[in-house]
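# Observations on the three-dimensional arrangement
Single-letter residue listing:
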Amino acid sequence: MSELSVSPQDNPFRHAGFRRLFAAQAVALAGTGLSTVGLQLLAYRLTGGQAAPVLATALSIKMIAYVFLAPICGGLAHRTSRKSILVASDALRAGLVLLLPLVAAEWQIYLLIFGIQALAAASKPALQAIIPTVLPDQATYMRALSWTRLAYDLETAGSMMLAIALMAAGSGFELLFELNSGAFLLSALLIIFTRLPKAAPAERTGRILDDITFGLRSYMATPRLRALLALYSGAAMVSGAVLVNNVDYVRTVLGGADYLVAVTMLAYGAGSMAAALATPLILRRISSRQLVSRGALLAGFAALCLIFSPGLFPALVIWMAMGAGGAWVYTPSGGIINRSSSPADLPAYFSAHFSLSHLAWLASYPLAGWLGTMLGLPATGLILGLVCIALALAGARLWPRQEQDEIAHEHEAVEHTHKHSHDRHHQHAHQGGEAEEPHSHPHRHPPVRHSHDYVIDLHHTRWPAG
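Conventions adopted
- Residues numbered from 1 in each chain as written.
- Predicted model: local features only at pLDDT ≥ 70, side-chain atom pairs only at ≥ 80, totals over all residues.
- Heavy atoms only, no water.
- Helix = DSSP H or I, 4+ residues; strand = E, 2+ residues; numbered from the N terminus.
- Contact = heavy atoms within 4.5 Å.
- Buried < 20%, exposed > 50% of the residue type's maximum accessible area, 1.4 Å probe, protein only.
- Core = buried A, V, L, I, M, F, W, Y, C linked by side-chain atoms within 4.5 Å.
- Patch = residues over 30% accessible without salt bridge, like charges linked within 9 Å, V, L, I, M, F, W, Y side chains within 5 Å.
- Areas by Shrake-Rupley, 256 points an atom, 1.4 Å probe, with all protein chains shown as cover.
- Salt bridge = Lys/Arg side-chain N within 4 Å of Asp/Glu carboxyl O.

Assignment of secondary structure puts L41 in helix α1 (residues 16-47). As for L41 and F173, which are separated by 132 residues in sequence, their C-alpha atoms are 6.8 Å apart. In this structure L41 touches M167 and F173, once residues within four positions along its chain are discounted.

Given below as structure tokens:
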């Protein structure tokens, strides 16, 4: 059963808000790609040719910042405006990036990288949470997800080509950081001039610890999101095998020249981009559950084929299949999260997904590297392909086959205080002086049984049985 239909009117670029947000994201990603090249050259200069340990540590710091800080930032995001988060993150990153060429010790690199990635952990989920509020129509939003996924796929290729051109023209790597700083400032400027819908007030108790843990608790209490995490983790295992071991496979198994490293990665990216663009059309015919499950299985079975040590042309097909399978897991995830949360809690949910999915990446990179070094990529592909398939089957089992839009459920009587508006859960008399909605005062919920679209929030802390 399809979840949406697509028409020319569903083009997200018809909406000025999305055009500016997408441009801001694309510019920031392009700048980040330039800094990635600049960081490699800076580490090489600073260590006298021993850049690998520095880069590995920097990558680990990046993932640690994402995993541990994203839930905190997302849980507290409702306390300030989302536009302020995005603009402040871009402006502060612009300043920190300019400091990188000035470092004189490795610890200074690590400190700056942590600061830059901590700001990214705050801004990236916030941007993901804003897009569905700008594009409330589901079909339009799904097309927007395809384009945002495409922006990530183009980040590496476009930024690398620009960096190569600048280096070939004789520019120093310091220019890469300067361009990244300018990209962040341009991104901030675009966001400043973007009119965003007013955020719905979050119904929270106001306790700091509850806010920080809300996203993770709610995410893991939602069956389809637990399933999504399993499927996403499986796809990350395969993607990690490609990203970490591609160069070794090309040089040792294929016996290829350096340019073939770029060719194989281009095939992987082409498969991912084609799948991302096709996602809205596919979702006209099948559900997100079916697409994500089949995408993870495709990635896993493609990885299994590496055990045969395929030659160049079969390898290109396999790389494209792994890229496409991964994209069919990653691209629909935003729509699944949006469906699983109330509008006010989207930043917390997206931050939880951001953290947990990067935990999967944090596991996949060293595992792929260790297995590739010990056993070679063919055996690594077999092992991680089997892990991906196992996680795909587990995810499909965790995800209910028949999902109802409305779920009948019961509420026990409860008394508490939180910011609220009068809605289906808040219909009570006032004594005067409560101020305009949303407002906060002690109130009592009587026991009730009713039915509506169900998400985990302050009033629904567990998923109904059955």
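So much for the structure itself; the text now carries on.
A few words on the side chain of S355. Along the chain, the position of S355 falls in helix α13 (residues 346-375). Judged by relative accessible area, S355 falls into the buried class, the value being 4%. In this structure S355 touches Y66, V67, A70 and P71, once residues within four positions along its chain are discounted.

Attention shifts here to the nonpolar core. Ranked by size, the top nonpolar core spans 61 residues in total, and within it F18, L135, Y219, L225, L228 and V329 carry the most contacts. When residues no more than four places from it in sequence are discounted, the contact partners of V329 are L231, Y232, A235, V292, G295 and A296. Core analysis: the second largest hydrophobic core is formed by 25 residues, V37, L42, A94 and I113 among them.

This part covers a nonpolar patch on the surface. A cluster of nonpolar side chains, contributed by I307, F308, L367, W370, M374, L375, L382, I383, L386 and V387, occupies part of the molecular surface with about 940 Å² of accessible area. Of all the secondary structure elements, the ones that give two or more residues to the nonpolar patch are α13 and α14 (377-398). Tracing the backbone through its elements, the reader meets V387 in helix α14. By relative accessible area, which is 31% here, V387 ends up partly exposed.

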